[in-house]
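Inside the fold
This is what each chain is made of:
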Amino acid sequence: LYSAFRCAQFIKANYPEIPHYPVSETHVKVPAGWLIEQAGFKGKRFGDAGIHTKQALVLVNYGNATGNEIWTVAQNIQNTVKDKFGISIEAEVNVI
């Protein structure tokens, strides 16, 4: 495991174009849409569930996807971003 500082150094070295915004002396914010797009999800479909072709933050039901299928896509995105970048992203909506 790497410290947050080493993780940030790794990301910056491998993705020098990464957009980021300082929020404190020790934290920066990275747009989730950029992370999702770089992880290869923008425009992808998994059956009737998918990610919008123009906005990586938007999950889409293309017809008959169930709530569970949409949730599975969201979790897949979260896990992949965590594995690739070491950054956890959280859903902004409450799911119960």
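Description of the structure in this document. (Residues numbered from 1 in each chain as written. Predicted model: local features only at pLDDT ≥ 70, side-chain atom pairs only at ≥ 80, totals over all residues. Heavy atoms only, no water.)

Some thoughts on the overall build of the chain
Within the chain one finds 3 helices and 5 strands. Going residue by residue from the N terminus, the α and β elements of the chain occur as α-β-β-α-β-β-β-α. When burial is assessed residue by residue, the chain has 25% of its 96 residues classed as buried. Residue pairs at least 24 apart in sequence account for 31% of intrachain contacts in the chain once pairs closer than 6 positions are excluded. Carbon and sulfur atoms make up 53% of the accessible area of the chain, which totals about 7,000 Å². (Helix = DSSP H or I, 4+ residues; strand = E, 2+ residues; numbered from the N terminus. Buried < 20%, exposed > 50% of the residue type's maximum accessible area, 1.4 Å probe, protein only. Contact = heavy atoms within 4.5 Å. Areas by Shrake-Rupley, 256 points an atom, 1.4 Å probe, with all protein chains shown as cover.)

Examining the pattern of salt bridges
Taken as a whole and assessed by the stated rule, the structure comprises 2 salt bridges. One salt bridge connects Lys42 with Glu37, and the closest N-O pair in it is separated by 3.7 Å. Overall, the relative accessible area of 31% leaves Lys42 in the partly exposed class. By relative accessible area, which is 37% here, Glu37 ends up partly exposed. Linking Asp48 and Arg45 is a salt bridge whose minimum nitrogen-to-oxygen distance equals 3.4 Å. Asp48 sits in the partly exposed class, given a relative accessible area of 26%. (Salt bridge = Lys/Arg side-chain N within 4 Å of Asp/Glu carboxyl O.)

Details of the nonpolar core
What tends to happen in soluble globular proteins is that the nonpolar side chains get buried as a cluster. Core analysis: the biggest nonpolar cluster contains 19 residues, and Trp34, Leu35, Ile36, Ile77, Val81 and Phe85 have the highest contact counts within it. For this core, the element with the highest residue contribution is helix H3 (residues 67-85), accounting for 4 residues. (Core = buried A, V, L, I, M, F, W, Y, C linked by side-chain atoms within 4.5 Å.)

Some details on the sheet that holds strand S4 (residues 49-51)
If you trace the 3 strands from one edge of the open sheet to the other, you get S3-S4-S5, paired in antiparallel fashion. Across the chains shown, the open sheet's two edge strands, defined by having one partner strand only, are strand S3 (45-46) and strand S5 (59-61). Pairing between S4 and S5: 3 bridges, direction antiparallel. Within the sheet, the bridge partner assigned to Ile51 lies in S5 and is Leu59. Against the sheet, H3 touches S3, S4 and S5, its axis set at about 155 degrees to S5. (Pairing = 2+ DSSP bridges. Axes fitted to C-alpha atoms, helices over the stretch in contact; angles between N-to-C directions.)

Some thoughts on the layout of surface pockets
A volume near 760 Å³ is recorded for the largest pocket. Taken together, the elements giving at least two residues each to the lining of the largest pocket come down to helix H2 (32-38) and H3. It is H3 that contributes the most residues to the lining of the largest pocket, 6 residues altogether. Per-class residue counts for the lining of the largest pocket are 17 nonpolar, 3 polar and 3 charged. (1 Å grid on protein atoms, 1.4 Å probe; cavity = no way out; pocket = protein on both sides within 12 Å on 5 of 7 lines; lining within 4 Å. Points joined across faces, edges and corners; volume = space filled by probe spheres on them. Nonpolar A, V, L, I, M, F, W, Y, C, P; charged D, E, K, R; others polar.)

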